Amino acid sequence: MRFILEPDGTITLLGTDGQTTRDVRFRRAFPWSKPRQYISVRDEKGKEQTMIRSLDELEESERTIVETWLDQNSFIPLIRRVEKVNTDFGYQEWQVETDRGKVTFRVQEREDIRFLPDGRFSIKDADGNIYAMPRLSDLDPMSLKAVEPVL
Amino acid sequence: MIYQKDVSRGGQIVPDLPRELHAQLNGELADEPVLGWSEFDLDSRNRFSRSFAILTPTRLIEVHSEKHKTIIPIADIRSAKVSEGLGMDRLILQTQDRRIEFRYSRRFRRDAVRLHRHLSRLLPDESTPKDEVRPSWLEKIERQAEQQQICDKCGHAIPGYADSVCPRCSQSRKILWRLLEVARPYRTLVIAAVVLTLIHAGFTALPGVVQKHIVDDAIVGTSLSVSQRVQNLVFWALIFALVVVGSEVIGGGRMAILAKVGTCVARDLRHKVYQHLHSLSLRFFAKRRTGSLITRVTNDTDRLWDFIVFSSVNVVRDVLMIMVAVSVMFYYNWQLAFIALSPLPVIAGVTWWRGRKMHKIFGRLWTYWSRMSAVVGDAMSGVRVVKAFAGEKREIARFDERNEAYTIKEQEVNRTWFVLQPVVSGIMRLSMLLIWVVGGYLVIYHPNERNTVGTLMLFTFYVGMFFQPIGELANSARMVTRAASSAQRVFEVLDTPPEVYTRSNAIHKQSVEGKIEFRNVGFSYEGSQPALVDVNIQIEPGEMVGLCGHSGAGKSTFVNLICRFYDVTEGQILIDGVDVRDYDLQWLRQQIGVVLQEPYLFHGTIAENIRYGRPDATDEEVMNAARAANAHDFIVGFQDGYDTMVGERGQSLSGGERQRISIARAILHNPKILILDEATSSLDSETERQIQQAMTRLVSGRTTIAIAHRLSTLQAAHRLIVLDKGRIVEEGTHEMLKDKENGIYAKLFKTQTEMARQIALK
Ligand SMILES: Nc1ncnc2c1ncn2[C@@H]1O[C@H](COP(=O)(O)OP(=O)(O)OP(=O)(O)O)[C@@H](O)[C@H]1O
Ligand SMILES: [Mg+2]
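Every chain's residues receive numbers from 1 upward, in the order its sequence appears when written. Each chain takes a letter, starting from A, and each ligand takes a number, starting from 1, following the order in which they are written. Under the rules for a predicted model, residues below a pLDDT of 70 receive no local features and side-chain atom pairs below 80 are neither given nor counted, while totals for whole chains, interfaces and linings still include all residues. To obtain the side-chain values, all non-hydrogen atoms of the structure were included, while hydrogens and water were left out.

Chemist: Account for the packing of helix 8 (residues 226–279) of chain B against helix 10 (residues 290–332) of chain B, with residues named and values stated.
Modeler: Residue and element names in this part refer to chain B. To obtain an axis, a line is fitted to C-alpha atoms, over the contacting stretch when the element is a helix, and the angle between two such axes runs from 0 to 180 degrees between their N-to-C directions. Working definition: helices are DSSP H or I runs of at least four residues, strands are E runs of at least two. Numbering for both runs from the N terminus. The interhelical angle for the contact between helix 8 and helix 10, taken along N-to-C directions, is 150 degrees, at an axis separation of 9 Å. The crossing of helix 8 and helix 10 is right-handed. Residue-level contacts link Arg254, Met255, Leu258, Val261, Gly262, Thr263, Val265, Ala266, Leu269, Arg270, Val273 and Leu277 of helix 8 to Leu293, Val297, Thr301, Asp302, Leu304, Trp305, Ile308, Val309, Phe310, Val313, Asn314 and Arg317 of helix 10. Looking at side-chain class alone, the contact of helix 8 with helix 10 contains 16 nonpolar, 4 polar and 4 charged residues. Put simply, a crossing is left-handed when the front helix is turned counterclockwise from the back one by less than a right angle, and right-handed when it is turned clockwise. Any pair of residues with heavy atoms lying within 4.5 Å of one another is described as a contacting pair. As a working rule, the residues Ala, Val, Leu, Ile, Met, Phe, Trp, Tyr, Cys and Pro are called nonpolar, Asp, Glu, Lys and Arg charged, and the rest polar, with Gly in that last group.

Chemist: For the interface of chain B and chain A, give the residues involved together with the corresponding values.
Modeler: Contacts between chain B and chain A engage 35 residues on the former and 35 residues on the latter. Interface of chain B and chain A: buried area, both sides summed, is about 3,400 Å²; carbon and sulfur atoms make up 41% of it. Broken down residue by residue, the surface that chain B buries against chain A is led by Phe48, Leu86 and Arg107 of chain B, which jointly contribute 21%. The salt bridge criterion pairs a side-chain nitrogen of Lys or Arg with a carboxyl oxygen of Asp or Glu, the two atoms within 4 Å. Here chain B is connected to chain A by 1 salt bridge. Among the ionic pairs, Asp127 of chain A bridges to Arg107 of chain B, the shortest N-O distance being 2.9 Å. Whenever a nitrogen or oxygen atom comes within 3.5 Å of another N or O atom, the pair is scored as a polar contact, on the condition that within protein one atom can donate a hydrogen and the other can accept it, and that pairs from neighbouring residues in sequence are kept only if both atoms are in side chains. At the surface where chain B touches chain A, the tally comes to 14 residue pairs in polar contact (both at pLDDT 80 or more). With 4 residues, helix 12 (residues 344–381) of chain B is the largest single contributor of residues to the side of chain B that touches chain A. Of the residues contributing to the side of chain B that touches chain A, the split by class is 4 nonpolar, 12 polar and 19 charged. Buried area adds together the accessible area that both of two parts lose upon being put together, with accessible area traced by a 1.4 Å probe.

Chemist: Summarise the nonpolar core; cite the residues concerned and give the values.
Modeler: All names here are of chain B. Residues enter a nonpolar core if they are buried and are Ala, Val, Leu, Ile, Met, Phe, Trp, Tyr or Cys, with the set joined through side-chain atoms within 4.5 Å. Relative accessible area decides the class of each residue, using a 1.4 Å probe on protein chains only: under 20% of the type maximum gives buried, over 50% gives exposed, and in between gives partly exposed. Formed by 43 residues in total, the largest nonpolar core has its most connected members in Ile610, Ile635, Tyr642, Ile663 and Met695. With 6 residues, helix 21 (residues 655–669) is the single largest residue contributor to this core. Beyond its immediate sequence surroundings of up to four residues, Ile663 is in contact with Val595, Ala629, Ala679, Thr680, Ile691 and Met695.

Chemist: Describe the coordination of the magnesium ion (ligand 2), listing the residues and the values that go with them.
Modeler: For a metal with four donors in a tetrahedral arrangement, the ideal angle between donors is 109.5 degrees, while six donors in an octahedron ideally sit at 90 or 180 degrees. Residues and elements named next belong to chain B. Here a donor is any nitrogen, oxygen or sulfur atom (N, O, S) within 2.8 Å of the metal, with 3.2 Å used for Na, K and Ca; water is not among the atoms considered, so some sites may look incomplete. For the magnesium ion (ligand 2), every protein donor is listed as Ser556 (OG) and Gln597 (OE1), and the spread of their distances is 1.9 to 2.3 Å. Of this pair, Ser556 sits in helix 16 (residues 555–562) while Gln597 sits in the loop between strand 15 (592–595) and helix 18 (606–610); the two residues are 41 residues apart in sequence, bridging distant segments of the chain. Overall, Ser556 belongs to the partly exposed group, its relative accessible area being 22%. Given a relative accessible area of 35%, Gln597 falls into the partly exposed group.

Chemist: Residues and numbers for the sheet that holds strand 10 (residues 516–523) of chain B, please.
Modeler: Residues and elements named next belong to chain B. Pairing between strands requires that DSSP locate at least two bridges from one strand to the other. Pairing is antiparallel across the open sheet formed by 4 strands, whose spatial order is 11-10-13-14. Lying at the two open borders of the sheet, with one neighbouring strand each, are strand 11 (532–539) and strand 14 (578–579). Note: strand 10 against strand 11, 5 bridges, orientation antiparallel. Bridge assignment links Val521 to a residue of strand 11, and that residue is Val535. Lying on the sheet, helix 16 is in contact with strand 10, strand 11 and strand 13 (570–575); it crosses strand 10 at an angle near 115 degrees.

Here you go:
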């Protein structure tokens, strides 16, 4: 299995059986629990062509292509610091610093904050954007103080 | 209907550009018309960064800041497409020599898609997919639906349901204030209770003074004659008796009033929460656990009335008692008073610190509690699955784990509370000792007017009277923090806006004809995958259409939108030419009868379940409906007939029996529009045929939309609509569609007839 980066930015899959699929997309099957494993390679219509068992099994150059694609086409900011969570208005307004920059977003209700089994959190804002937050033990004391009342 | 007027205007709409953008454009536009615009929030490395794009007939202006603008002539653009990623999308433009990308998160998806739509219409290139031309008035409605009024005070947007009252400004008052507002209708009673409380507090304070006089003027009374001392004793004893009786009577009355107010407030609160729950849309319920909602309606409201009534009034009383005690002590002997009050700062500090700590923990405690009850709710609802897969042990383990977690938290709470309790009460009692020692010293060495045995007695009384309410206040603090976290959860429900709501000037009509029209309807549940895309269809009054397509194609979604279980994201749905959003919601649903894909029966009798849509239906009518649904015979066959209890979710019935009862329910409802979502999927072909015959009579004159995977079910349909991935891909009669090359319907039909033949051959 090989991937070719086309000039227009799309990726072509050269399958083991010699078949080529143009403009393939990648989806993580377990984006939260196993982000580096089980990456589905799908065609334009969403049909799986093949599956990458683990990114680490790929060769260096291929891996870069896939990783770059995933990075370019997915947007799940990782919260680094929580400045403030304002709950005055009946919803939560989070002011945070993420790996993608500072942002303020709105969380409609407490059910939009998901506890993941490993202690991390996934937070969905009112527009449907997803943010990842590390374990409470990995947060600095100020952030901890800010988020404590809403968890 | 209001919208129709806009059609005649036609032409361009000039979308309102944000003020900020105007400034950045700095006259760049001159008087070019603006066709569309969008904001973007990501840069090429997916980092947050703001920019805009504005489309005019000849160019696309990319605005990063006032200084930084790029102009792309439309003539240079070869293609424009939207590429969907995970959590972010890209609008990609290809010109002769370069590729331009606009990246945006979910926040600006709608705007970007709209901009893309406008842009593609300007491009000659065939490779750019063209949507159907969307009338400009439609976009106007959409923007109106999205655009919201801005509140003058807080500057936030006011959602449409709020009728121009900013919910944030009305909510930003502190939670406890809002709580007291619930008691507003009972304010006369509350005031009476407060007055009685004050009097009661006064009465409670009196015995101290009386005691002092009994000691100083009667028992000790060295300067008086014996007869005078006896007289004084009788006099003060009588006063004492009066005070006791009076305080008990008033105290009793006070409690009676408070209890009455309390139960009423609790009732109102439960009513309010429950009523509001019913106004919320399906989206709300999809996310929540039933268990946590039940807790909010029952437990949380209960805790609140406790607080509103007892704690709040008691706080008033306690504060008053403290004030009385302090002033009496200072009046009789200020030196002793200072000594008596010296431990106060320590106690206040500890209490305050404890209250703050508790507030946090209580909120958490509730989360743990609801996580534990969720396991119970989940397992009990799915008890068949649990048993079928022998999952009992795992379920118990899951419960134990959360039970344990809750217990640990609760113990933590108790530790914080009870470790500090002895400290506080110890300090209080030691200060009593202080009075005896210092006071005793004063009485022995400096006996005078102020330093008497009576005064000493008085002090012991008032020091007690002073510290007891302080302890109670600390306790109320515990109640208040508990109540505050309950209140937060109750208000969370009350403050959730109903997404689907009746507009203020909604339309009520006498009757409907039953014409249904979808205009450029687009819908998505979560804002990510679209469930319906650009659906355009007209269904005539009295027509029966069959809806088919693969699983997940959007069939149920199609009918959900007609019932207004959800509102469209794009376009509009009209019934008899009026946007469904303009109708009164209740009225609209009364015109529609639905048999849902998962039939739900309530705990109750069969007759009650059939009658659900029309409680006033006669028994005759109920039976007729059941006959039409081919349910009569099996129902009468039950020992209890129509009075058979069906259990929660109708568990005691077979799948097909449940379906037939819910068909009867829809038939009895006698709607102008009938929706059957896989209504007969659990029935054998013979029973289905019988129902169909009965239904053909019923269906005449009603607009009917039937969904089925078994295509034979749709034989009676005048027209078939085939959905695929949220789009209408085929439309026509069975004859027209069955031989269509590469047609989805033709394929489905062939497979099914093939299978039927193979079975017949065997
Ligand atoms: N409440 C919901 N929240 C989020 N997505 C939903 C919801 N209901 C349905 N969907 C999604 O919307 C799409 C269309 O679902 P829909 O129920 O309309 O399918 P359908 O055609 O009725 O399928 P079936 O024949 O299996 O009943 C599916 O991809 C489904 O996953
Ligand atoms: Mg369905």
